[in-house]
Amino acid sequence: MTLTAAEATRQSLARGAVGTALLQVERALAGSGDWETARTTIRRAVAGPVDAAEHTGLYYGAPALAFLLHTVSDQHPRYRAASEALIEHVLSLARRRLATAAGRIERGEAATFAEFDVFYGLTGIGALLLRCSPGSDVLAEILRYVISLTRPHRQDSIELPGWWVAHDPDEILPTPGGHANFGMAHGAAGLLAFLALAAARGCLVDGQPEAIAVLTGWFDRWRQDGADGPWWPQWITREELGTGRPAQPRPDRGSWCYGTAGIARAQQLAAIATGDPRRVEAAEDALAASLTDIQLDRITEPGLCHGMAGIYQTAYRAARDAQTPALGRRLPALAARLAQHAGPFGDQDDKGGLLTGSAGVALALETARHTGPPRTGWDACLLIT
């Protein structure tokens, strides 16, 4: 099936109509919007052919539309049949993707972001199934697959982590010989958060506690302690793996996708799931240290992926689970910064989608305006809840 650019964008959670529809459903459920607007945006998102091919994932195609319709199917049963039909497509897709991954592992080749990450990979599909089909055999197989990524393998006499990729993190940021990514979007934090969230929901398979321990140990190994608190590199190259020292001299921006905010939340989730209060405290301290004015002054974008919206939403979820009120006390100041960064951008909910666009900013602003958590649970797509 060949889709036009408009048809492909329509079914994108990252940058299309799916994110806008999520926002309008959230507003309708919260009482700050109306259902007619929500239904109109849903119709716009689901109109036309749906892509269910191998390249689809949580942020695009059938899985993205399933995520959207599941958020509204309980309140409006008219969407339930479509939601369930899409989930069947997702289950079939996941089985094919798992078979492809098994073949890659058998050949001894390195993984890729597209195979395992939250945006288009099996971790994102697993996050969807945690919500929509938590008892499925397919979810259990995805958990086993993610566990397999925590097992090291040797290449040219060097022991590499199982989520090592041979490609660069970005076309303008070369990593000769590949790299091991730390972030929520494409790396170890996303794997850890997924395993921890599944464990907290009672979705457990053999080897899951041990895999969580491997990943938390990875973050222990590479933790850097600076004047502004602990931080982690964005990725590690072969050379850095050999020396045991990251080349990155200082923390990057404290974002959801790569920075301390996302990494600390993943570790907090893991510590809660495994009942480790000492590690819970350490994760919360790391997150709090990343939320100082000095650190936040480096944030220049409003969006979920790289900017204040993602930091606010991550801190909000962490504060709800926190052992102490320290994170919660930071939320009003974070909300003020979010509103300042958003400006008129936060009202343009049809511009730019969820990840870097105004729909994501507006959804975080909705969280800040209300006392309870998001009614749709939309931020599950960020692996923070």
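In every chain, residue numbers begin from 1 and rise along the written sequence. It should be noted that, the model being predicted, local features are given only for residues of pLDDT at least 70 and side-chain atom pairs only at 80 or more, the latter also being counted only at that level, while totals for whole chains, interfaces and linings use all residues. Note: side-chain values were computed over all heavy atoms of the structure, leaving out hydrogens and water.

1. Some details on the environment of W218
Locating W218 in the fold gives a position in helix α10 (residues 208-222). If we skip the residues at most four places from it in the chain, W218 touches P161, W163, A180, F182, A188 and L241. Here a strand is any run of E in DSSP of at least two residues, a helix any run of H or I of at least four, and the numbering for each starts at the N terminus. Contact between two residues is taken to exist if any of their heavy atoms lie within 4.5 Å; hydrogens are not considered.

2. Focus: the pattern of salt bridges
What counts as a salt bridge is simple: a side-chain nitrogen of Lys or Arg found within 4 Å of a carboxyl oxygen of Asp or Glu. All chains considered together, the criterion is met by 18 salt bridges. When the shortest N-O distance is used, the salt bridge between D220 and R279 registers 2.9 Å. Of this pair, D220 sits in helix α10 while R279 sits in helix α13 (residues 277-289), and the two are 59 residues apart along the sequence. For R279, a relative accessible area of 14% translates into the label buried. In the salt-bridge network here, residues are joined through shared partners; they are D293, D297, R330 and R337. Partly exposed residues are those whose accessible area sits between 20% and 50% of the maximum for their type, while under 20% is buried and over 50% is exposed, using a 1.4 Å probe and protein chains only.

3. Some remarks on the packing of aromatic side chains
Under the pairing criterion, centres of Phe, Tyr and Trp rings, with the six-membered ring standing for Trp, must be within 6.5 Å; the plane angle then separates stacked pairs below 30 degrees from edge-to-face pairs above 60, leaving the rest tilted. Within the structure shown, the criterion is met by 10 aromatic pairs. Summarising the aromatic geometry, the rings of F182 and F219 are spaced 5.9 Å apart at their centres and angled 65° between planes, so their arrangement reads as edge-to-face. On the criterion of sequence distance, the pair formed by F182 in the loop between β3 (179-181) and α9 (188-200) and F219 in helix α10 is long-range, its members being 37 residues apart. Comparing F182 with F219 shows no difference in burial state: the two are buried. Grouping aromatic residues by their ring pairs yields a cluster made of W163, F182, W218, F219, W222 and W232.

4. Digging into empty space enclosed by the protein
Residues are said to line a cavity or pocket when one of their atoms sits within 4 Å of a point; the points come from a 1 Å grid over protein atoms alone, cavities being sets where a 1.4 Å probe fits but cannot get out and pockets being open sets with protein on both sides within 12 Å along at least five of seven lines. Grid points are joined across faces, edges and corners, and a volume is the space filled by probe spheres set on the points. Tallying each qualifying case throughout the model produces four cavities of 30 Å³ or more. Of the pockets and cavities examined, the largest cavity occupies roughly 110 Å³. Contributing to the lining of the largest cavity are 15 residues, with D252, R253, G254, S290 and Q295 lying nearest its centre. At the level of elements, β5 (229-231) and α14 (293-296) are the ones that each hand at least two residues to the lining of the largest cavity. Here the element with the most residues in the lining of the largest cavity is β5; it accounts for three residues. All amino acids are sorted into three groups, where Ala, Val, Leu, Ile, Met, Phe, Trp, Tyr, Cys and Pro are nonpolar, Asp, Glu, Lys and Arg are charged, and the leftover types, Gly among them, are polar. Among the residues making up the lining of the largest cavity, the classes are represented as seven nonpolar, five polar and three charged. Around the second largest cavity sit A127, L130, R131, L197, R201, A380, L383 and T385, which together line it. Ranked by residue count, the leading element in the lining of the second largest cavity is helix α7 (residues 122-132), at three residues.

5. Some words on the UniProt feature "binding site: Zn(2+)" (unreviewed entry) in the chain
UniProt positions are given in the numbering used here, feature names are shortened, and annotations may be inferred rather than shown by experiment. This chain's UniProt record puts "binding site: Zn(2+)" (unreviewed entry) on C257, C305 and H306. Across 50 residues in sequence, these annotated residues keep their C-alpha atoms within 6.4 Å of one another, forming a single compact spot. Secondary-structure assignment places C257 in the loop between α11 (238-243) and α12 (260-274). A residue is classified by how much of its surface remains accessible, and C257, at 2% relative accessible area, is buried. Excluding residues that lie within four positions of it along the chain, C257 makes contacts with G183, M184, A185, C305 and H306. Position of H306 relative to the elements: it lies in the loop between α14 and α15 (308-321). Classification of H306 by relative accessible area gives partly exposed; the value is 22%.

6. Focus: the side chain of E284
Looking at the element boundaries, E284 is found in helix α13. Buried within the structure, E284 lacks any salt-bridge partner; R265 is the closest side chain of opposite charge, at an N-O distance of 7.0 Å. Leaving out residues up to four positions away in the same chain, E284 has contacts with Q268, D321, A322, Q323, T324 and L327. The charged-residue count follows a simple rule in which Lys and Arg add positive charge and Asp and Glu add negative charge, with His and chain termini not counted at all.

7. Re unusual backbone geometry
Phi angles above zero are rare outside glycine, and L383 is one such case at about 60°. The topology assignment puts L383 in the segment after α17 (358-369).

8. Quick notes on the packing of helix α4 (residues 62-73) against helix α5 (residues 80-107)
To obtain an axis, a line is fitted to C-alpha atoms, over the contacting stretch when the element is a helix, and the angle between two such axes runs from 0 to 180 degrees between their N-to-C directions. Where α4 meets α5, the closest approach of the two axes is 8 Å, and the angle between their N-to-C directions is 145°. Here the hand of the crossing between α4 and α5 comes out left-handed. The segment α4 lies against α5, with A62, P63, L65, A66, L69, H70 and S73 engaging R80, A82, S83, L86, I87, V90 and L93. When grouped by side-chain class, the residues that make up the contact of α4 with α5 number 10 nonpolar, three polar and one charged. The hand of a helix crossing depends on one turn: near helix anticlockwise from the far one by less than a right angle means left-handed, and clockwise means right-handed.

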